[in-house]
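# Results of the structural survey
Listed below are the residues making up each chain.
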Amino acid sequence: SASIAAVIAFVGADAFSTPRGHGIGIRRASSSLYMAPKGSAAKPFEKKKIAVFGAGGYLGAVLFGFLQRASSLYGTGIAGGPSPRMICATGGSSEALNKVLGASFKLAYAGEDLMRIVDTDDANHIEERLKSFDAAILATTYQLERRSVTMNTYEKSPNDKTYEMYLDERYGAWENDVPSNDSDIHTSIFRHSVQACKDAGLSHVVVVETPRTEDPGKFSAILEEEGIEYTYIRTGSPLKKDITYTFEKGITNRLGVVSLPAGSALASFDAREMDNKLAVYREDLAALIVQCLMTLDWEESRILEVSATPGSTVSSAYGGKMPKGLRFDKEWCPNSELLGEVLCAV
């Protein structure tokens, strides 16, 4: 029926006067499908503070970097100062985050003032570190690493251990001390995180279904039970990393997006089918997640299924012999406006 029909959004190259723009998700007059953004970019003077759970993982770190850049530009509606804020379980995530920021975002850096260490077993502890924030980005299933609790945080004894959480993955993470069946740990972390976001008064959460997720329905059910507005993002495509990525490259593909109603039944993707699909770059997915905050209405919930679109690669012209006068200092992610167009259509 029309009430549950999925909407497939794809915008072709002929809808744009140029392949590059300001990247805040506002439709251009040249587009035949003009719609204004309804997210943070709708009222850019109302700067929104964003928290990122697990920003020590690669996808989380790229998200953080994009948010830092967006916060420096008027029109995005993303706040700077104490935002973005990394939510992690130990101090080790700071080093992991800053390695990515330094390499991919022109020596960007996140100091201790942008990090909060939380006890993931205690929703109240997480809540206290989210107060005054507006939205958060979470994962369903993180990469876990058993680490010592950082001194003078929430340890009960000098030898206390906890599970650090990385959004997607961290190169070199030691997973040998993590149970082979860790689904209960992930469910607990997710439930406590969502409860904390709601109790702290956040308006919206963006949830990323990672490839490690075995039962996505369990996480969507928690979101519905807690009653917080959300955008749930998933992909049935394999994820790929650009090992030489720098933000000037921007996005590499005009992603396709299928919108499903909130609360729709979710099943795991077939791994065999995923192997036959065009890979989605992690950097593109990170840009889409940030663009969702700028473009989509925070007062509504939805599920988005994302895929790479064959034959729809884009380039910012960065690298090699670049056109004279080409600059990226006024863009948080080159070509991100293409993602804004797709999301507006959804």
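These remarks concern the structure in this document.

The rules behind these values
Within each chain, residue numbers correspond to sequence positions counted from 1 in written order. Residue-level local features of this predicted model are given only where pLDDT is at least 70; pairs of side-chain atoms are given and counted only at 80 or more, and the full residue set underlies all totals for whole chains, interfaces and linings. Each side-chain value is worked out from all heavy atoms of the structure, with water and hydrogens disregarded. Think of it this way: any DSSP run of H or I at least four residues long counts as a helix, any run of E at least two long counts as a strand, and we number them from the N terminus. Computation of the radius of gyration draws on C-alpha atoms alone. For the globule rule, the value is 2.2 Å times the number of residues to the power 0.38. Only protein chains enter the area calculation, which uses a 1.4 Å probe; residues under 20% of their type maximum are buried, those over 50% are exposed, and those in between are partly exposed. The contact rule is simple, with two residues in contact once any of their heavy atoms fall within 4.5 Å. Areas reported here follow the Shrake-Rupley algorithm with a probe of radius 1.4 Å; residue values treat only the protein chains shown as occluding. We score Asp and Glu as negative and Lys and Arg as positive, and we do not count His or the chain ends. Charge positions are represented by NZ for Lys, CZ for Arg, CG for Asp and CD for Glu. A 1.4 Å probe that fits but cannot get out identifies a cavity on a 1 Å grid over protein atoms alone, an open set with protein on both sides within 12 Å along at least five of seven lines counts as a pocket, and a residue lines either if it has an atom within 4 Å of a point. Grid points are joined across faces, edges and corners, and a volume is the space filled by probe spheres set on the points. Note that Gly is not counted as nonpolar here; it falls among the polar residues with everything else outside the nonpolar set of Ala, Val, Leu, Ile, Met, Phe, Trp, Tyr, Cys and Pro and the charged set of Asp, Glu, Lys and Arg. The arc refers to the directions leading from the helix axis to the C-beta atoms.

### Some details on the overall build of the protein
Of the regular secondary structure elements, the protein holds 8 helices and 13 strands. Since a compact globule built from 346 residues should have a radius of gyration of about 20 Å, the 19 Å found for the protein is in line with a globular shape. Expressed along its principal axes, the backbone C-alpha trace of the protein runs to roughly 60 × 50 × 40 Å. Evaluated residue by residue, the protein yields a buried proportion of 57% over its 346 residues. Counting contacts in the protein only where the partners sit at least 6 residues apart, residues at least 24 apart contribute 83% of the total. In the form shown here, the protein has an accessible surface area of approximately 14700 Å², with 50% of it arising from carbon and sulfur atoms. Positive and negative charge centroids in the protein, built from 37 and 44 side chains respectively, lie 7 Å apart.

### Notes on the layout of surface pockets
Volume-wise, the largest pocket comes out at about 340 Å³. Lining the largest pocket are 16 residues, and of these Y58, K99, V100, Y171 and K241 lie nearest its centre. With 5 residues, helix α2 (residues 92-104) is the single largest residue contributor to the lining of the largest pocket. Of the residues assigned to the lining of the largest pocket, the class counts are 7 nonpolar, 4 polar and 5 charged.

### Here's the deal with helix α5 (residues 216-226)
Looking only at α5, the buried set comprises P216, F219, S220, I222, L223 and E226. On an axial view of α5, the arc spanned by its buried residues comes to 150°, and they lie on one face. For α5, the secondary structure elements touched by its buried residues are α4 (183-199), β8 (204-208) and β9 (230-235).

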